[in-house]
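# An overview of the molecular structure
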Amino acid sequence: MRIGLTLSGGGARSFAHLGVLKALAELQLSVDIISGTSSGAIVAVLYGIGLSPEEIFQKVTETKFMRLIRPGFSRYGLINLTQLEDTFKPYLADKTFADLTPKVIISATDINRGTTVYFSKGEIIKPLVASSALPFLCQPISYQGHLLVDGGLLNNLPVECLTGYADFTIGVHVNPIDHQRDVKSLRDMVERTCQLAINNNVTPRMKLCNFLIEPPQLKHYRLLSIKQAREMYDAGYEHTMSLSENLLAQLKQIAYQQA
């Protein structure tokens, strides 16, 4: 059976994706294809080049991301992502999507056309950086005739692109809504508004997944809670393992139906 995995964006909360991948490996579930957007795309690509979840965790947490933010002050955004591209070059400069195992599909948003664009061929770095380019904050990426920004703007759980590639799709959403949130500042207001708006495009896509993993503990963490990276990693792992009996049962049922 071909298993597909779709990873949502979520800033630092995407450390939970690594815990999910660790749990799936321990359950001896081989993933055949991964789709991802924004920080979920970064996890998918680094996993696709052969890094283990723990190796990805170490490399990402050791990277000083604030140093990668170079002011751009263009008419499109405040941050130039050139240094982020340079950060990926040691790992990805000589690689294309064809080198990734499992297969990876990255989604980004064409801001001019108002559509989601999927990338699964050719170079990796430009689509990967584009998928994480937050509108207003980051300068968009011009690539293959598209002006690209964060894929989560229109589709923060890119499951549709797995059609035809997977018999069983697992969705991993790392942005559960905290319905007891107390907004106290402008930062809170901006983050909360973005989360609620983006979550609206995720809800219908959850129904397209055969199985959903959404660690509830993640509602307590912010998009930039890098210092709690290990806690979020563990939350993804522990929640997935708590669902393992149900997950394995559903996989067995689908396999029986296909036999």
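Residues numbered from 1 in each chain as written. Predicted model: local features only at pLDDT ≥ 70, side-chain atom pairs only at ≥ 80, totals over all residues. Heavy atoms only, no water.

The name that an unreviewed UniProt entry assigns to the protein is Patatin-like phospholipase family protein, with the source organism given as Adhaeribacter rhizoryzae.

### With respect to the overall build of the protein
Filter applied, for reference: Put simply, DSSP H or I for four residues or longer makes a helix, DSSP E for two residues or longer makes a strand, and each gets a number counted from the N terminus. For the radius of gyration, the atoms used are the C-alpha atoms, and the globule rule reads 2.2 Å times the number of residues raised to 0.38. Only protein chains enter the area calculation, which uses a 1.4 Å probe; residues under 20% of their type maximum are buried, those over 50% are exposed, and those in between are partly exposed. By definition in these notes, contact holds between two residues if any of their heavy atoms fall within 4.5 Å. A 1.4 Å probe and the Shrake-Rupley method give the accessible areas. Residues count as covered only by the protein chains that appear here.
Across its full length, the protein carries eight helices and 11 strands. At 17 Å, the protein has a C-alpha radius of gyration in line with the 18 Å of a compact globule built from 259 residues. Overall size of the protein, expressed as C-alpha extent along the three principal axes, is 55 × 45 × 35 Å. Relative to its full complement of 259 residues, the protein shows a buried share of 51%. In the protein, once contacts between residues fewer than 6 apart in sequence are set aside, the share between residues at least 24 apart is 76%. Carbon and sulfur atoms form 54% of the exposed surface of the protein, whose accessible area is close to 12,700 Å².

### Concerning the packing of aromatic side chains
Test applied: Working definition: rings of Phe, Tyr and Trp (its six-membered ring) pair if their centres are within 6.5 Å, and the pair is stacked with planes under 30 degrees apart, edge-to-face with planes over 60 apart, and tilted otherwise. The rule for a charge over a ring is simple: NZ of Lys or CZ of Arg within 6 Å of the ring centre, and within 35 degrees of the ring normal.
Applying the stated criterion across every chain, the model contains three aromatic pairs. On the numbers, 5.6 Å between centres and 50° between planes, the contact of Phe 119 with Tyr 143 is tilted. Of this pair, Phe 119 sits in strand S6 (residues 115-119) while Tyr 143 sits in strand S8 (residues 141-143), placing them 24 residues apart in sequence. Of the two residues examined, Phe 119 and Tyr 143, each falls in the buried class. Each member of the aromatic cluster is reached from another via a ring pair, and the members are Phe 15, Phe 57 and Tyr 233. When the ring centre of Tyr 237 is taken as origin, the NZ or CZ atom of Lys 22, which lies over that ring, is 4.7 Å away.

### Quick look at the nonpolar core
What counts, and what does not: To form a nonpolar core, buried Ala, Val, Leu, Ile, Met, Phe, Trp, Tyr and Cys residues must be joined to one another through side-chain atoms within 4.5 Å.
Ranked by size, the top nonpolar core spans 60 residues in total, and within it Leu 5, Leu 128 and Ile 170 carry the most contacts. Ignoring sequence-local partners within four residues, the contact set of Leu 128 consists of Ala 41, Ile 42, Val 45, Phe 88, Leu 92 and Ile 106.

### Things to note about a nonpolar patch on the surface
Inclusion rule: Only residues whose relative accessible area exceeds 30% and that take part in no salt bridge are eligible for patches, with like-charged residues grouped when within 9 Å of each other and nonpolar side chains (Val, Leu, Ile, Met, Phe, Trp, Tyr) grouped when within 5 Å. By definition, a salt bridge exists where a carboxyl oxygen of Asp or Glu is found within 4 Å of a side-chain nitrogen of Lys or Arg.
There is a patch of nonpolar side chains on the surface, built from Val 183, Leu 186, Met 189 and Val 190 and spanning about 370 Å² of accessible area. Taking relative accessible area as the criterion, Leu 186 reaches 66% and is therefore assigned exposed.

### Considering the pairing of S6
The following threshold applies: What makes two strands pair is DSSP finding at least two bridges between them.
Relative to S6, strand S5 (residues 103-110) is paired through five bridges, and the arrangement is antiparallel. Directly across from Thr 109, in S6, lies its bridge partner Thr 116.

### Brief notes about the UniProt feature "active site" (unreviewed entry) in the protein
Spelled out, the test is: UniProt positions are given in the numbering used here, feature names are shortened, and annotations may be inferred rather than shown by experiment.
If you check UniProt for "active site" (unreviewed entry), the listed places come out as Ser 38 and Asp 150 in our numbering. Across 113 residues, the annotated set stays spatially compact, with a maximum C-alpha separation of 6.0 Å. In this structure, Ser 38 sits in the loop between strand S2 (33-37) and helix H2 (39-48). Judged by its relative accessible area of 10%, Ser 38 is buried.

### Quick look at the environment of Val 43
Mapped onto the elements, Val 43 comes out in helix H2. Looking at Val 43, the relative accessible area reads 6%, which means it is buried. With 76 residues separating them along the chain, Val 43 and Phe 119 place their C-alpha atoms 15 Å apart. Those residues in contact with Val 43 that sit more than four places away from it in its chain are Leu 7, Ser 14, His 17, Leu 18, Leu 21 and Ile 56.

### Things to note about the pairing of strand S10 (residues 168-172)
Defined as follows: Seen with its strands pointing away from the viewer, a crossover is right-handed if its path from the first strand over the helix to the second goes clockwise.
Summarising burial for S10: five of the five residues are buried, a large majority. Taking every second residue as pointing to the same face, both faces of S10 are buried, with Phe 168, Ile 170 and Val 172 on one and Thr 169 and Gly 171 on the other. The sheet contact formed by strand S1 (residues 3-7) and S10 spans five bridges and is parallel. Bridge pairing in S10 links Ile 3 to Phe 168. Pairing between S10 and strand S11 (residues 211-213): three bridges, direction parallel. Looking across to S11, one finds that Val 172 is bridged to Ile 213. Handedness of the S10-helix H6 (residues 186-206)-S11 crossover: right-handed.

### Describing the pattern of salt bridges
A full pass over the atoms with the stated rule returns eight salt bridges. Residues Asp 86 and Lys 89 are paired through a salt bridge, measuring 3.2 Å at the closest nitrogen-oxygen approach. Within this pair, Asp 86 and its partner Lys 89 are both found in helix H4 (residues 82-92), separated by three residues, close to a single helical turn. Judged by relative accessible area, Asp 86 falls into the partly exposed class, the value being 37%. Looking at Lys 89, the relative accessible area reads 41%, which means it is partly exposed. The partner of Asp 182 in a salt bridge is Lys 184, and the shortest N-O contact between them spans 3.9 Å. Classification of Lys 184 as exposed rests on a relative accessible area of 69%.

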